[in-house]
Amino acid sequence: MSKPLLEVKGLTKAFGGVIAVSEVDFHLNEGEIVAVIGPNGAGKTTLFNMITGVLPPTSGQVFFDGKEVTGNQPYQIAKAGITRTFQNLQVFENMSVIENVMTGVHCRLKTGFLQAGLRLMGVKREEQQAFDVAMSCLEKVGIADLAFEAAEVLPYGNQRLLEIARASASSPKLILLDEPMAGLNPQESRQLVDIIKKKREEGMSFLFVEHDMETVMGISDRIVVIDYGKKIAEGTPAEIYENEKVIAAYLGTEEEEEAI
Amino acid sequence: MELTSQFIQLIFSGLTIGSIYALVAIGFVITYNITGVLNFAQGDFAMLGAMLAITFVSMDMPMGLGIILSIGIVVLVGGIFERTAIYPARNASLPTLIIITLGVAIAIRGFAILIWGTQPRSLPPFTENNPINVLNAVLLPQSIWAVGISLVSLIAMHYFFNKTFIGKAVTACVVNRSAARLMGIKPEWMSFISIAVSAGLGAIAGIIIAPISGATYEMGLMIGMKAFVAAVIGGLTNAPAAIIGAFMIGILESFTEGLWTSGYKDAISFALLLIVLFFMPNGLFAKASGKRV
Amino acid sequence: MNHSKVSELYNRHYGGLFLFIAALVIVPFVANSFLLSVLILVGLYGIVTTGLTMLMGYAGQISLGHAAFYGIGAYASAVMTGTYGMPGIVGILVGVAFAGTVAVLIGIPTLKLKENYLALATLGFGIIIFTFFKELKEITGGLNGFFGIPSFNLFGFAFDTDLKFYFLIWALLIVGILFSKNIIDSRVGRALRSIHGSDVAANSIGVNIQQYKLKVFVLSAVYASVAGSLYAHYVTFINPNLFTAMESITFLIMVVIGGSANIWGGMIGAIVYVLLNELLKEVVPMFFPNVGGEFQIVFFGILLVAILIYMPQGLAPTLGKVWRRLAGRKNKKAAVTGPPNADATVGGSKS
């Protein structure tokens, strides 16, 4: 096996006295699709936020592509090659669809204030480049025909696709998807699964949090299970399906839910 | 001995001005807790209160009546302001709401110019204003009125928010909006009440300062800004801390003015504001934060 | 219709602009001297508000302290040319350097703050700078003001009449707007707007938001400083009361009236504000004979609130529609907001 693309070692986050994520280790190889699952409040989003630099970890390390990125700022992590989507959508509502994705190309371009202001040579070329990349990203998620619409008028499902197009515009090595299926109808979900599979064939890797078990079992190469901030299991979908700890954790929550 | 009396003198004037800032600062805290907006018109309620009281007194109305009437009118103005400017924009972005309160602030200021002109006016002291000698320092009865009235008002606020039904409803909204709604409390009205009450507090502040330093149409800006500093020192959501902040600013100002320079007085208060914002965004007393209203 | 070229994205046709410039050239020859002086004021304000529009409308960062940068430019030019007899350009450059440095120093900590706190911090900063104008009496003349600022002189050419000054200011304003427009229609502009749209998402795709906020803050400070320098040369007398918090708020009013999400909004706001201001000064005393001072602010306060509630995009989009109808342009970009050459972006395609 080659070196893993993403490696998380002993990652821990404490908010005051509450430990949200505790000593989590896992890795992701190039070209893999890994799912992180667990009951609500298990610490999945906190884990994502630490990997993407939104929250600094209390302890532990994150390695990406052979380099340590622990505690880097989100924009630095994006430059290193990890982008993400958001559970509660974060499209730029003050822009058109294509501009959203062109903003995603940001790291691959160089134009600064002065070059842009004076419209020096190269700006036009970069604009064309950003536009072409963005257009092809939109085509891949199937909403190229909406390129010139205002992003805010897009229906929910299309905004999700837009976020994926934007996250893939900088050709990152790894995309983190935070509950990508939430709020999608079955048809949209299938469409999204196809897109993810196709992108993986192009060499992109995915780490995602998801509650929809059908999707998780269907597309993951491996699954990491988290409960109360701790990793309780890791393995292929088949292994996880039969893991007793996992079943207990999930049944446990169901009981709690019923109690409420 | 000379030094001691000057020291006491400066403490007196610091407490006097601090009590004014405290009233306005509490208004900020109440409004901020309920609406999430810093009301830039808060200081102008003080100006409006002062100007109205001066007008009523100059019409030979008994002072007590004039004062109460002025406070009542300002409370009404606060309520109208909330219904016409804040409520219709309640779903707008925060910067928009901030600019709206600024717009109201300058509208009130302009209105004051139209009615009262630009000349400074003053209100007679509430009682005979013969200086009292305390350890060689001079204390004016109006200062005692200022500190006393503001303390009484603050205690009344405490009572209102913790003991009365409406007050408790407002407090409940701060803690949990949706739970409050389930209890049959309409959060929309809480915004109305909080701004009206804050306007009244502002009016009281303006009326008690008017006999000491006079009143002009533009006095609201500085009072408002200083009270902002006080509220921010207190962490913006914590009423008791804001009161402490207000007295700190008052004393800091009187000492700067008395011992060094009056010119840089404002710069020093605002430098303190920036320092607190940059380094202690949750206020000086972040750890000790107690109740929110 | 099939959009497939990047040229479809931003409206970069200059037909409207040429017409506008033609009008600007003709106006001073038909205007009287009063109108000319009013238009010079519009141009000066327009330079400030264009910079402020970049900061507020596009990057979404509020500032209640830009009068400070306007004042820094004015005093830098006053002192350099008035006290030390330096050429006008030196005054402008010193002002730009000073304002830029102050913007960096104050911007680094301030721009980490959000909304309420950012508004407060910039307001406080403005008042601190105002206090320095007032108290550094040996340099600024304090409240008595600074007299005898010479007229602006560029490489031997003196802008000593209102007509010459008019062309200088408006040429600079148009250049300033085009420079800003070029920035907006590029990677940098999208980065700025992405901060406004969602700073979390902007950060997650590689936009260094602190750096972009700082750079646009400095840019807007530089615009304000240059305008301040030229203002000092134009009026030849300045005092600290020209650079109060109220002046900062006045800039803000212009930006909001014009439409903060439109690069022409700042200029439109300046035109509307100045003309309305002059009109009110004429009309109101007919009803309130004894009125004095800045009574007009009552109207601007109400106007500000009304626009934010009922027309949050400002006047620019409406004027843009009227313009396109007049120009008889094809309905190709019917939904696009904005006046001539304005952005084809914000809230576009809504209809």
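Conventions we followed
Residues numbered from 1 in each chain as written. Chains lettered and ligands numbered in written order. Predicted model: local features only at pLDDT ≥ 70, side-chain atom pairs only at ≥ 80, totals over all residues. Heavy atoms only, no water. Pairing = 2+ DSSP bridges. Helix = DSSP H or I, 4+ residues; strand = E, 2+ residues; numbered from the N terminus. Axes fitted to C-alpha atoms, helices over the stretch in contact; angles between N-to-C directions. UniProt positions renumbered as here; feature names shortened; annotations may be inferred. Contact = heavy atoms within 4.5 Å. Expected span 1.5 Å × (residues − 1). Buried < 20%, exposed > 50% of the residue type's maximum accessible area, 1.4 Å probe, protein only.

### Focus: the sheet that holds strand 6 (residues 82–84) of chain A
Residue and element names in this part refer to chain A.
Part 1: Strand order in the open sheet made by the six strands is 6-7-8-3-9-10, with mixed pairing throughout. Strands with a single pairing partner mark the edges of an open sheet, and in this sheet they are strand 6 and strand 10 (230–235). The sheet shows a mean angle of 20 degrees between the axes of neighbouring strands, taken without regard to direction.
Part 2: Looking at chain direction, strand 6 and strand 7 (residues 174–178) are connected through three bridges and run parallel.

### Comments concerning the UniProt feature "transmembrane region" (unreviewed entry) in chain B
Residues and elements named next belong to chain B.
Part 1: In the numbering used here, UniProt assigns the "transmembrane region" (unreviewed entry) feature to residues 7–30, 36–57, 64–81, 93–116, 137–161, 189–215, 227–252 and 267–286.
Part 2: Helix makes up 84% of residues 137–161 and strand 12%, with an end-to-end C-alpha separation of 38 Å.
Part 3: Across residues 189–215, helical content stands at 93% and strand content at 0%; the span's end C-alpha atoms are separated by 32 Å.

### Overview of the sheet that holds strand 2 (residues 18–28) of chain A
Residues and elements named next belong to chain A.
Part 1: The four strands lie next to each other as 2-1-4-5, forming an open sheet whose pairing is antiparallel. The open sheet has two free edges, formed respectively by strand 2 and strand 5 (67–68), since each of these has just one partner strand.
Part 2: Judged from the five bridges that link them, strand 1 (residues 6–15) and strand 4 (residues 59–64) form a sheet pairing that is antiparallel. If you follow T12 over to strand 4, its bridge partner there is S59.
Part 3: Its contacts with the sheet place helix 1 (residues 44–51) against strand 1, strand 2 and strand 4, and it is angled at close to 115 degrees to strand 1.

### Thoughts on helix 3 (residues 66–83) of chain C
Part 1: For helix 3 of chain C, built from 18 residues, the straight-helix expectation of 26 Å at 1.5 Å per residue is met to within 8% by its first-to-last C-alpha distance of 25 Å.
Part 2: In terms of residue burial, helix 3 of chain C counts as a mostly covered element, since 16 of its 18 residues are buried.

### Description of the environment of F179 of chain C
Part 1: By the element assignment, F179 of chain C lies in helix 7 (residues 162–184).
Part 2: Along the primary structure F179 of chain C and F237 of chain C are separated by 58 residues, whereas in three dimensions their C-alpha atoms are 30 Å apart.
Part 3: When residues no more than four places from it in sequence are discounted, the contact partners of F179 of chain C are F113, L114, G117 and L118 of chain A together with L219 and Y223 of chain C.

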